[in-house]
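Breakdown of the fold
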Amino acid sequence: MNSSLRMNSLGEGYRALVIGANGALGSAFCELLNEDPKCSVVRELGRNSVPGLDLEKPESIARAAAELSEEAPYQLIVHAAGLLHRDEIKPEKSYSAIEADALLAVFQVNALGPALVLRHFLPLLDPRGAMAVLSAKVGSIGDNRLGGWYAYRASKAALNMLIKTAAIELARTRPHARLLSLHPGTVISVLSQPFRGASAARPATIAAHELLSLIDRLGPADSGNFFAYNGERLPW
Ligand SMILES: NC(=O)c1ccc[n+]([C@@H]2O[C@H](COP(=O)([O-])OP(=O)(O)OC[C@H]3O[C@@H](n4cnc5c(N)ncnc54)[C@H](OP(=O)(O)O)[C@@H]3O)[C@@H](O)[C@H]2O)c1
């Protein structure tokens, strides 16, 4: 694969914003966008950036958006944050393992926080821009064949509904913008490390390149849909 990236749909000197910029996919997005000669700004947001954005602290989401409003509009916004496991939180193999605290934390990071990201960052999106949110194929209700992973699956399904709903509203006021839910495939990262099949996982740079190329190819008519990195439309 050609490793150089050139986004053609966002105009000369486009500005990009990446949320979750410290993660495997987030940092790969930032690296590729920084190398794109057409990109003039790559703003990197995460828990440790300035301004900081913590999905479990709603006020930090509002504050970060307010601080960046002077630099807006952004032609590209990528939300690359998410939570599958940490410390005492593990994906549940059975409904007998469902714990309220873990459900709340996973929903906070994967759905409630991103809902507030949509609220505060969609106003910063260029009317012809693209916002992509990383979801996961396991959040597809139609494709759920294995069960398990209750909190992660359900929070990503909720995320998908939030994206679809916001895309309908966005199309009324900014019909040339696109809001997409994207599945990156299995990617080498801290998030996937304990679970992935060794042979199936791809390096984050390859996945980020595929996803950015896909965003570039998709138009406003594709807004509000759920796509895999290879362009396949996924069932909700
Ligand atoms: N890797 C895969 O195989 C795979 C497959 C399907 C979908 N996805 C999705 O792709 C996205 C990126 O995953 P990844 O593989 O790159 O995982 P990763 O390397 O673990 O990155 C996760 C990112 O989420 C951020 N995050 C976690 N909790 C947060 C919080 N409370 N507030 C703000 N940021 C928070 C992390 O920030 P810190 O750096 O501050 O911890 C990190 O930047 C996720 O949405 C994931 O669900 C991944």
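In what follows, the accompanying structure is described.

Relative to each other, helix α3 (residues 100-121) and helix α4 (residues 150-173) sit at 10°, their axes nearing to 8 Å. By the angle between their axes, α3 is roughly parallel relative to α4. Handedness of the crossing formed by α3 with α4: right-handed. Residues L103, V106, F107, N110, A111, P114, A115 and L118 of α3 form the contact with α4, whose own contacting residues are A151, Y152, A154, S155, K156, A158, L159, L162, I163 and A166. The residue inventory of the contact of α3 with α4, partitioned by class, reads 15 nonpolar, 2 polar and 1 charged.

Taken together, 27 residues form the shell around the ligand, and within it R47, E56, Y152, V187 and S189 come nearest. Side-chain polar atom of R47 to an oxygen atom of the ligand: 2.6 Å apart, as the coordinates give it. A distance of 2.5 Å separates an oxygen atom of the ligand from a polar side-chain atom of Y152. Where the shell around the ligand is concerned, the elements lending two or more residues are α1 (24-35) and α4. Grouping the constituent residues of the shell around the ligand by class yields 13 nonpolar, 10 polar and 4 charged.

So, on to helix α2 (residues 58-68). The set of residues buried in α2 consists of S60, I61, A64, A65 and L68. Angularly, the buried residues of α2 cover 130° about the axis, an arc narrow enough to put them on a single face. On its buried side, α2 packs onto β1 (14-19), β2 (39-45), β3 (74-79) and α3.

Another aspect to go through is unusual backbone geometry. The omega torsion across V50 and P51 is -5°, close enough to zero to call that bond cis. Tracing the backbone shows P51 in the loop between β2 and α2. Between A72 and P73 the backbone carries a cis peptide bond, its omega angle lying at 5°. In this structure, P73 sits in the loop between α2 and β3. Non-glycine residue D87 carries a positive phi angle of around 35°. Along the chain, D87 turns up in the loop between β3 and α3. Non-glycine residue W149 carries a positive phi angle of around 55°. Position of W149 among the secondary structure elements: in the loop between β4 (125-134) and α4.

About the criteria used
- Think of each chain on its own: its residues are numbered from 1, step by step along the sequence as written.
- Note on the predicted model: pLDDT of at least 70 is required for a residue's local features to be given, and 80 or more for side-chain atom pairs to be given and counted; whole-chain, interface and lining totals, by contrast, use all residues.
- Water and hydrogen atoms were dropped before computing side-chain values, which therefore reflect all heavy atoms in the structure.
- Only the stretch in contact is used when fitting a helix axis, every axis being a line fitted to C-alpha atoms; angles between N-to-C directions are given from 0 to 180 degrees.
- Per the convention used, a helix needs a DSSP run of H or I reaching at least four residues, while a strand needs a run of E reaching at least two, with both numbered from the N terminus.
- Working rule for angles: under 35 degrees goes down as roughly parallel, over 145 as roughly antiparallel, 65 to 115 as roughly perpendicular, anything else as oblique.
- Should the near helix be turned anticlockwise from the far one by less than a right angle, the crossing is left-handed, and should it be turned clockwise, the crossing is right-handed.
- We call two residues in contact when some of their heavy atoms are within 4.5 Å.
- Polar here means any residue outside two lists: the nonpolar Ala, Val, Leu, Ile, Met, Phe, Trp, Tyr, Cys and Pro, and the charged Asp, Glu, Lys and Arg; Gly therefore counts as polar.
- By convention in these notes, a residue is near a molecule or strand provided one of its non-hydrogen atoms lies within 4 Å of it.
- Pairs of N or O atoms are called polar contacts if they sit within 3.5 Å, as long as, within protein, a hydrogen donor faces a hydrogen acceptor (for residues adjacent in sequence, only side-chain-to-side-chain pairs).
- Only protein chains enter the accessibility calculation, which uses a 1.4 Å probe; a residue is then buried when its area is under 20% of its type maximum, exposed when over 50%, and partly exposed in between.
- Summarising the geometry, the arc corresponds to the directions from the helix axis toward the C-beta atoms.

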